[in-house]
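Letter by letter, the chains look like this.
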Amino acid sequence: MRRYLLKRLVTTILVLLLSMVFLALLVHIVPGDAARTLLGPRATPELIAKVRSEMDLDKPPMVQVGLFIWKILHGSFGTDVFTGRPISMLIGSALPHTIILAFSSLGLAVLLGIPLGVFSATHPDSWLDRILALFSISFITIPSYVGGLFLLLIFAVQLRVMPAIGVGDPSNIPDYIKHLILPAVALAITWVGYLARLVRASMLEVLNENYIRAALAAGIPLRKVVYKYALKNALIPTVAVLGVGLGNLMGGAVFVEIIFSRAGMGTLIYNAIQSRNYPIVRAGVLVVACLFIAANLLADLAYTYLDPRIQLDKMQG
Amino acid sequence: MEFVIRPRSQVQIFLDRIPVLGEVLQRPLGALGFFIVFMFLIAVIFAPVLAPYDYAKQDIPSMLQGPSRAHLLGTDHLGRDLLSRIIYGSRIALIAAVPSVSIALIGGIILGLLAGYIGGIVDDIIVIVLDTIKAFPAVILALAILALLGPSLVNEILVIGLAWIPGYARVTRAQVFSARQNLYVEAERSLGAPSRRIVLRHILPNILAPLLILAAMDLPVVITFEAGLSFLGLGVRPPTPSWGIILSEGFNFIRQTPWPITWAGLTLIITTLGFTLFGETLRDVLDPRLIGTRRA
């Protein structure tokens, strides 16, 4: 167990380092000079030289990589060329909105997807199960941007019952929540379908186990067997998926944030791309990747902890 | 006289099972999926015949119209016929999806074979590199690279291919590990066959079937991903009618007309649903491990 944990941690650190190297060197695939592209055609040579030196582009690539990692380890992403504000401040004001959005969607998906999956599994092959199956597959195939556009069109433009843009006023909780509903639903749709299917499959498997049959034979009511004994084991694979899910939600958040004009990491990165503000793109992408890596690591560790059976396999593998 | 007993490879077994189409069609969801995929392919092949107008022909006086007899699905902000644009959009969907999945498949197979067969340090390095690619949510990775390379169909295909490589490499690697244990591989090795021959003649054909199924299942995912990148303005450029571009232009005029978003969105959902239903039914029918449990 300890060896597995150690190996997992070492790989995670290596992946983090490699991601930073990748992002530090990525700037060199730009045709031409990154500082010149950033500043536009009317920039003076002096300004270009200044920004080049701020971005460390005037140093050899290996030094660039080293400096990039060194600065990040010291908590600095540099300053924004246009506003002069520290990039970490820009990220600090965008990140909470994205995290709230991602967790709300995940919560919504769990609250709807798991009961639907349990219901399907306890009524296998009934007509309701078949209808739910079709619905879950349809939900899975609705991309977040199509879901977002449809919700925006119906509830904000046609019915005008929901706000269309912005995150609302963070100090006014009901207003903030009202602005969160449509984006969170748009992002959750896919995962409701996905979790429903996953839980149905693993629940059906668990319900076939001997200990469940024994519990039923002993006269314990079905409801109690399902929710107290079966669900606990059926949810283990879900935990592993939730880590990946959180990462995908951060990706899907880009679309949803743009459609609903919400502040967040997605709009930050997207707007930075539009203005070719490469230092912000790089910092934003790195932060999202770090969160994704952390979510995966946590899910993986939780999974190993919850299901003692897989530890041996992993140690041998 | 020489007797040669050749083990039937999984590809041959796979091909023998082509009649599975009948079996797929017997299932309601499989038949629905097949029908949708079939209609999609008809749209791709016969786009010039089916489309009532030139997809790029502007007709400003009749812009932003709803469905009518002249324009069955209505028109966009430049008066272009939405039906024609959606029909031609199917071509872009396929032109983007097939090459990117192929790049991912070929790249993944090569890396997976190297990692799985050579093992050791090579395996470790490949696994770490793959984990690093996977450390970025696909959209974010695509954004970061396309921001630098600039938006175009070719760049988009390359980026999607790159983002999807780890999935195929992982499956290939796992399959190679299990195929290596087979007796016929042992036998071939003990006869002194070179690694290249073992990998290409014996291992690859035996692991191809699950990879091809995976590729088929990835097509709809990649189609929606491409449309998403085009929606963000990072894929094909207007006036090329990618479904994502129709959505993004519809988004700009969402207060004037609901139709571009409605039709392009529904087309995307139905196409993806069709491919998914067809792919999943096909997998259920083809996957021998599920035989016997299928009718349970």
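A.B. asks: Can you walk me through the overall build of chain A in this structure?
C.D. replies: Along chain A, the regular secondary structure elements total 14 helices and 0 strands. Sequence-ordered secondary structure for chain A, helices as α and strands as β, is α-α-α-α-α-α-α-α-α-α-α-α-α-α. For chain A, the C-alpha atoms occupy an extent of roughly 85 × 55 × 35 Å along the three principal directions. Each of the 317 residues in chain A was classed as buried or not, and the buried ones make up 40%. Counted over contacts in chain A with a minimum sequence separation of 6, partners at least 24 positions apart contribute 71%.

A.B. asks: What exactly am I supposed to notice about helix α4 (residues 61–73) of chain A here?
C.D. replies: For an α-helix, 3.6 residues make a turn, and residues three or four places apart therefore share a direction. Counted at 1.5 Å a residue, the expected span for α4(A) with its 13 residues is 18 Å, and the 18 Å between its end C-alpha atoms agrees. Once α4(A) ends, the next one or two residues include A:Gly75, with phi positive near 75°.

A.B. asks: I'm lost on the nonpolar core in this one. Help?
C.D. replies: Where a protein is soluble and globular, its nonpolar side chains tend to be buried together. Ranked by size, the top nonpolar core spans 168 residues in total, and within it A:Ile269, A:Val285, B:Ala142 and B:Leu143 carry the most contacts. Among the elements that line this core, the one with the most residues is helix α8 (residues 173–207) of chain A, at 18 residues. The residues touching B:Ala142, leaving out its near neighbours within four places in the chain, are B:Val159, B:Ile160, B:Ala163 and B:Leu229.

A.B. asks: Looking at this structure, I do not really get the packing of helix α10 (residues 195–231) of chain B against helix α11 (residues 243–252) of chain B. What am I missing?
C.D. replies: Two packed helices can be described by the angle between their axes and the distance between those axes. All names here are of chain B. Axis separation between α10 and α11 bottoms out at 7 Å; the angle between their running directions is 40°. Between α10 and α11, the crossing angle belongs to the class labelled oblique. Like other packed secondary-structure pairs, α10 and α11 cross with a definite hand, here right-handed. Contacts between α10 and α11 involve Glu226, Ala227, Gly228, Leu229, Ser230 and Phe231 on the former and, on the latter, Trp243, Gly244, Ile245, Leu247 and Ser248. By residue class, the composition of the contact of α10 with α11 is 6 nonpolar, 4 polar and 1 charged.

A.B. asks: Any chance you could explain unusual backbone geometry here in plain terms?
C.D. replies: In the segment running from B:Pro238 into B:Pro239, the intervening peptide bond is cis, with an omega of 5°. With a phi angle near 55°, A:Arg276 is a residue other than glycine that sits in the positive phi range. Looking at the element boundaries, A:Arg276 is found in the loop between α12 (265–274) and α13 (278–306).

A.B. asks: Mind showing me how you'd approach the interface of chain B and chain A here?
C.D. replies: Put simply, an interface is often sized by how much accessible area is lost when its parts join up. With 32 residues of chain B at the contact, the number on the chain A side is 37 residues. Those elements giving two or more residues to the side of chain B that touches chain A turn out to be α6 (120–134), α7 (138–149), α10, α11 and α12 (259–286) of chain B.

A.B. asks: Can you walk me through the environment of B:Pro48 in this structure?
C.D. replies: Here B:Pro48 is to be found in helix α4 (residues 47–50). Through-space distance from the C-alpha of B:Pro48 to that of B:Ile87 is 8.8 Å; in sequence the pair is 39 residues apart.

A.B. asks: Got a minute to help me understand the domain arrangement of chain A in this structure?
C.D. replies: Residue and element names in this part refer to chain A. When its domains are assigned, chain A resolves into domain 1 (2–73) and domain 2 (95–316). Centre-to-centre, using C-alpha coordinates, domain 1 lies 33 Å away from domain 2. Between domain 1 and domain 2, the residue contacts involve 14 residues of the former and 15 residues of the latter. Residue assignment for the side of domain 1 that touches domain 2 shows that the elements contributing at least two residues are α1 (2–26) and α2 (34–39). Counting residues per element, the side of domain 1 that touches domain 2 draws most heavily on α1, which supplies 9 residues. Across the side of domain 1 that touches domain 2, the residue classes tally to 9 nonpolar, 3 polar and 2 charged.

Reading the values: the criteria
- All residue numbers refer to position in the chain's written sequence, counted from 1.
- Starting at A for chains and at 1 for ligands, labels are handed out in the order in which the entities are written.
- With the structure being a predicted model, the display of local features is reserved for residues of pLDDT at least 70 and the display and counting of side-chain atom pairs for 80 or more, all residues being used for whole-chain, interface and lining totals.
- For helices the rule is a DSSP run of H or I covering at least 4 residues; for strands it is a run of E covering at least 2, with both sets numbered from the N terminus onward.
- Residue burial here comes from a neighbour count, namely the number of other C-beta atoms, placed from the backbone, that lie within 10 Å of the residue's own C-beta, with 20 or more meaning buried, 12 or fewer meaning exposed, and in between meaning partly exposed.
- In this description, any two residues whose backbone-derived C-beta atoms lie within 7 Å of each other are considered to be in contact.
- A helix is expected to span 1.5 Å multiplied by its residue count minus one.
- The term nonpolar core refers to a group of buried residues, namely Ala, Val, Leu, Ile, Met, Phe, Trp, Tyr and Cys, whose C-beta atoms join them within 7 Å.
- In this description, a line fitted to the C-alpha atoms serves as the axis of each element, helices being fitted only across the stretch in contact, and the angle between N-to-C directions of two axes falls anywhere from 0 to 180 degrees.
- Just so you know how the angles are binned, under 35 degrees is roughly parallel, over 145 roughly antiparallel, 65 to 115 roughly perpendicular, and the rest oblique.
- Helix crossings get a hand from a simple test, with the near helix turned counterclockwise from the far one by less than a right angle marking a left-handed crossing and a clockwise turn marking a right-handed one.
- When residues are grouped by polarity, Ala, Val, Leu, Ile, Met, Phe, Trp, Tyr, Cys and Pro land in nonpolar, Asp, Glu, Lys and Arg in charged, and all others, Gly among them, in polar.
- Just so you know, the domain bounds were taken from an automatic or database domain assignment.

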